[in-house]
Amino acid sequence: MSHFPMQQSKTKRFFKRIERFIVSCKQYVIVRHLLFSGGKEVIANYKHSSLENSEQITDVSPIWVCWWQGRDSMPDIVKACYNSILMHAGNHPVILITGDNYHEYVTLPDCILQKWKAGNITLTHLSDILRMLLLKAHGGIWMDSTVLLPCKNIGDFIKPSRIFWSCHHLPIYYNISRGGWTGFFLACGKGNLLPAFISDMFLKYWQNHNKLIEYLLIDYTFAIARANVPAIHQMIEEVPITVMGPLGKCLNQEYTEERWTEFCSNYDFHKLTYKIPLSLKTPEGKKTFYCLLYTSDAADE
């Protein structure tokens, strides 16, 4: 009997351990750098803070979505997601943040504004900064423009009685979040410690740097808050586990009514993407899930 499959499994586990070790080392170095380049000062300002001034999410808390160039410039998959948010927002007002209106809701610190205009801060990271400033100033629900709500209203799973919500999930990868949150979908009431802490971390970082040390800097600031501010740690851990929908990986697969019903009934939301080629038909000429979203959205316009 061949031992090759067993040997292959052992080899795979060995390289997985190596990968985990390398990622852990990278995360340790980045966290240490952030702590010693201003992070410790921010922690000192929040370490003994409580949640007593953190208001609850309400059924009229604003939903914040950002597409810098405006609605007319959205790719079709983003339009489908945005329209799904409008359809399932309930009483929540949906506010689209663009390059023309962001200043009506928040004021970017001069340091951030200057470094963004100079090209040091990308538009992607600017949106990370904006979401935290918006939540700090107004509270509400931040949703990336590629979050799809297929069937359920947002109030069905983000309960108005909570002070904080994010997608607390079982981790698959070795992300620094360890499944504690997702930066693309989170909610809080006004006066919440977390967006205030992360906003201060971002400002401190850009006061001392001209280049982004890590694409997922938002997750590192979350992790530092969780590890060093007891009130934030408690708040994050109290969020129930949510299972993220898998539709984002199935957009080019053949549509079936049975699977679509499963995507709607078993999951509250799905994280999609516009950064891959999307097809209306499979190579065999069958309708795809992307085709369903595309044609449904076109019919709604």
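For the structure, see preceding data.
This is a predicted model, so every value here is computed, not measured.

### Notes on the pairing of strand 6 (residues 185-188)
In strand 6, alternate side chains face the same way, and those of Phe185 and Ala187 on one face and Leu186 and Cys188 on the other are all buried. Bridge analysis of strand 3 (residues 140-143) against strand 6 gives four bridges, and the strand direction is antiparallel. Note on strand 6: the bridge partner recorded for methionine 143 is phenylalanine 185. Where strand 5 (residues 164-166) and strand 6 come together, three bridges link them in antiparallel fashion. Bridge pairing in strand 6 links serine 166 to leucine 186.

### Let's talk about the pattern of salt bridges
Summed over the entire model, instances satisfying the criterion amount to five salt bridges. The partner of lysine 152 in a salt bridge is aspartate 268, and the shortest N-O contact between them spans 3.0 Å. Of the two residues, lysine 152 sits in the loop between strand 4 (147-148) and strand 5 while aspartate 268 sits in the loop between helix 8 (257-265) and strand 7 (270-271), which places them 116 residues apart along the sequence. A single salt-bridge network, built from bridges that share partners, covers Asp128, Arg131 and Asp144.

### Some words on the pairing of strand 2 (residues 94-97)
As paired strands, strand 1 (residues 63-66) and strand 2 are joined by four bridges and run parallel to one another. In the strand pairing of strand 2, valine 65 is matched with leucine 96.

### Some points on the environment of glycine 191
Looking at where glycine 191 falls in the secondary structure, it is placed in the loop between strand 6 and helix 5 (193-208). Taking relative accessible area as the criterion, glycine 191 reaches 40% and is therefore assigned partly exposed. Glycine 191 sits 145 residues away from tyrosine 46 along the chain, and the two C-alpha atoms are 13 Å apart. If we ignore the near neighbours within four places in the chain, the residues touching glycine 191 are Asn53, Ser54 and Lys136.

### Some words on the packing of aromatic side chains
Going through the model one piece at a time under the given rule, you end up with 16 aromatic pairs. Taken together, a centroid distance of 5.4 Å and an interplanar angle of 80° make the contact between tryptophan 67 and tyrosine 274 edge-to-face. Within this pair, whereas tryptophan 67 is found in the loop between strand 1 and helix 2 (76-87), its partner tyrosine 274 is found in the loop between strand 7 and helix 9 (289-300), the two being separated by 207 residues in sequence. Judged by relative accessible area, tryptophan 67 falls into the buried class, the value being 11%. What makes tyrosine 274 partly exposed here is its relative accessible area of 37%. Considering the side-chain rings of phenylalanine 185 and phenylalanine 269, the 4.9 Å spacing of their centres and the 85° angle between planes classify their relative orientation as edge-to-face. One end of the pair, phenylalanine 185, is in strand 6; the other, phenylalanine 269, is in the loop between helix 8 and strand 7, with 84 residues separating them in the sequence. Among the aromatic residues, ring-to-ring pairing joins Phe157, Trp165, Phe184, Phe185 and Phe269 into one connected group. Positioned above the aromatic ring of phenylalanine 184, the side-chain terminus of lysine 271 is 5.4 Å from the ring centre.

### Digging into a positive patch on the surface
Taken together, Lys10, Arg13, Arg17 and Arg20 make up a surface patch of like positive charges. Its place among the elements puts arginine 13 in helix 1 (residues 4-46).

### Considerations on the packing of helix 3 (residues 110-117) against helix 5
Interaxial distance between helix 3 and helix 5 falls to 9 Å at its minimum, and their mutual angle equals 55°. On the basis of the axis angle, helix 3 is oblique to helix 5. Every pair of crossing elements has a handedness; the one defined by helix 3 and helix 5 is left-handed. Contact with helix 3, carried on its side by Cys111, Ile112 and Lys115, involves Phe202, Leu203, Trp206 and Gln207 of helix 5 and no other residues of that element. Residues belonging to the contact of helix 3 with helix 5 are distributed by class as follows: five nonpolar, one polar and one charged.

Rules of the game
- The numbers attached to residues start from 1 for each chain and follow its sequence in the written order.
- Given that this is a predicted model, residues contribute local features only at a pLDDT of at least 70 and side-chain atom pairs are listed and counted only at 80 or more, while totals for whole chains, interfaces and linings are drawn from all residues.
- In computing side-chain properties, one takes all heavy atoms of the structure into account and sets aside hydrogens as well as water.
- Residue burial is assigned from relative accessible area. The probe radius is 1.4 Å, only protein chains are included, and a residue is buried under 20% of its type maximum, exposed over 50%, and partly exposed in between.
- The way it works is that DSSP assigns letters per residue, a run of H or I at least four long becomes a helix, a run of E at least two long becomes a strand, and they are numbered from the N terminus.
- Here, strands pair whenever DSSP counts at least two bridges between them.
- Any Lys or Arg side-chain nitrogen located within 4 Å of an Asp or Glu carboxyl oxygen qualifies as a salt bridge.
- Any two residues having at least one pair of non-hydrogen atoms within 4.5 Å are treated as being in contact.
- Each pair of aromatic rings taken from Phe, Tyr and Trp, with Trp reduced to its six-membered ring, is defined by centres within 6.5 Å and is described as stacked if the planes are under 30 degrees apart, edge-to-face if over 60, and tilted in the remaining cases.
- Criterion for a charge above a ring: Arg CZ or Lys NZ at most 6 Å from the ring centre, at most 35 degrees from the ring normal.
- What makes a patch is a set of residues exposed beyond 30% relative accessible area and free of salt bridges, joined within 9 Å when like-charged and within 5 Å when nonpolar (Val, Leu, Ile, Met, Phe, Trp, Tyr).
- Surface accessibility in these figures is a Shrake-Rupley result with a 1.4 Å probe; residues are shielded only by whichever protein chains are displayed.
- His is not counted here, nor are the chain ends, while Lys and Arg score as positive and Asp and Glu score as negative.
- A charged residue contributes its charge at one atom only: NZ of Lys, CZ of Arg, CG of Asp or CD of Glu.
- For helices, the axis comes from a line fit to the C-alpha atoms of the stretch in contact; other axes are also lines fit to C-alpha atoms, and the angle between any two N-to-C directions lies between 0 and 180 degrees.
- Oblique is the label for any angle not under 35 degrees, not over 145, and not in the 65 to 115 range, which are roughly parallel, roughly antiparallel and roughly perpendicular in turn.
- Left-handed describes a crossing whose near helix is turned anticlockwise from the far helix by less than a right angle; the clockwise case is right-handed.
- All residues other than Ala, Val, Leu, Ile, Met, Phe, Trp, Tyr, Cys, Pro, Asp, Glu, Lys and Arg, Gly among them, are scored as polar; the first ten of these are nonpolar and the last four charged.

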